[in-house]
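Summary of the model geometry
Here are the chains, one letter per residue:
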Amino acid sequence: MLDQRKELRVPQNKSGVIRFGATGYELPCAVIDLTRYGAGIALASVFGVPEVFQLFIHGETKARHCRVNWVQENRLGVSFD
């Protein structure tokens, strides 16, 4: 796979929550790497995760609007809109 990132991602070990849907359905996740443009996210399962969602990283005050760029096993690569 060709790496098209705008900058190198910095390894992280932060917990977070993916939130989506009209009812605010939530999935716990781990942020494994991060830049100002996107992130790598690990989940127990990627089944049912939509193409766009909100990412809440614990310790941060703002949610990030994400778009899925790739899926590999239980990991997602997302860009921030």
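Worth saying up front: this structure is predicted, and the values here are computed from it rather than measured. (Residues numbered from 1 in each chain as written. Predicted model: local features only at pLDDT ≥ 70, side-chain atom pairs only at ≥ 80, totals over all residues. Heavy atoms only, no water.)

1. Side note on the overall build of the chain
- Within the chain one finds zero helices and six strands.
- Counting from the amino terminus, the chain carries its helices and strands in the arrangement β-β-β-β-β-β.
- Relative to the compact-globule value of 12 Å for 81 residues, the chain shows a C-alpha radius of gyration of 12 Å, a close match.
- Considering only contacts in the chain between residues 6 or more positions apart, those separated by 24 or more positions represent 48%.
- Once the 10 positive and 8 negative side-chain charges of the chain are each reduced to a mean point, those two points are 5 Å apart. (Helix = DSSP H or I, 4+ residues; strand = E, 2+ residues; numbered from the N terminus. Rg over C-alpha atoms; globule rule 2.2 N^0.38 Å. Contact = heavy atoms within 4.5 Å. Lys, Arg positive; Asp, Glu negative; His and termini not counted. Charge placed at Lys NZ, Arg CZ, Asp CG, Glu CD.)

2. Observations regarding the nonpolar core
- Ranked by size, the top nonpolar core spans 19 residues in total, and within it Ile-18, Ile-41, Leu-43, Phe-53, Leu-55, Leu-76 and Val-78 carry the most contacts.
- Those elements that provide at least two residues to this core are strand E1 (10-20), strand E2 (25-34), strand E3 (38-42), strand E4 (52-57), strand E5 (64-72) and strand E6 (75-80).
- Sort the elements by how many residues they give to this core and E2 lands first, with four residues. (Core = buried A, V, L, I, M, F, W, Y, C linked by side-chain atoms within 4.5 Å. Buried < 20%, exposed > 50% of the residue type's maximum accessible area, 1.4 Å probe, protein only.)

3. Remarks on unusual backbone geometry
- Unlike most non-glycine residues, Glu-73 shows phi in positive territory, near 55 degrees.
- By the secondary structure assignment, Glu-73 is in the loop between E5 and E6.

4. Concerning the packing of aromatic side chains
- Tallied over the full model, the rule gives one aromatic pair.
- Arg-19 extends its terminal NZ or CZ atom over the ring of Phe-56, reaching a point 4.2 Å from the ring centre. (Phe/Tyr/Trp six-rings, centres within 6.5 Å; stacked < 30°, edge-to-face > 60°. Lys NZ or Arg CZ within 6 Å of the ring centre and 35° of its normal.)

5. Thoughts on the pattern of salt bridges
- Enumeration according to the criterion identifies four salt bridges in this entry.
- Of the charged contacts, one joins Glu-51 and Arg-67 as a salt bridge, the two residues approaching to 3.2 Å between their closest N and O atoms. Of this pair, Glu-51 sits in the loop between E3 and E4 while Arg-67 sits in strand E5; the two residues are 16 residues apart in sequence, bridging distant segments of the chain.
- Owing to a relative accessible area of 32%, Arg-67 belongs among the partly exposed residues under this scheme.
- Arg-67 is the salt-bridge partner of Asp-81, the closest N and O atoms lying 3.5 Å from each other. Taken together, the residues Asp-81 in the segment after E6 and Arg-67 in strand E5 connect sequence positions 14 residues apart.
- According to the relative accessible area criterion, Asp-81 is exposed, its value standing at 55%.
- If you follow the salt bridges from partner to partner, you end up with Glu-51, Arg-67 and Asp-81 in one network. (Salt bridge = Lys/Arg side-chain N within 4 Å of Asp/Glu carboxyl O.)

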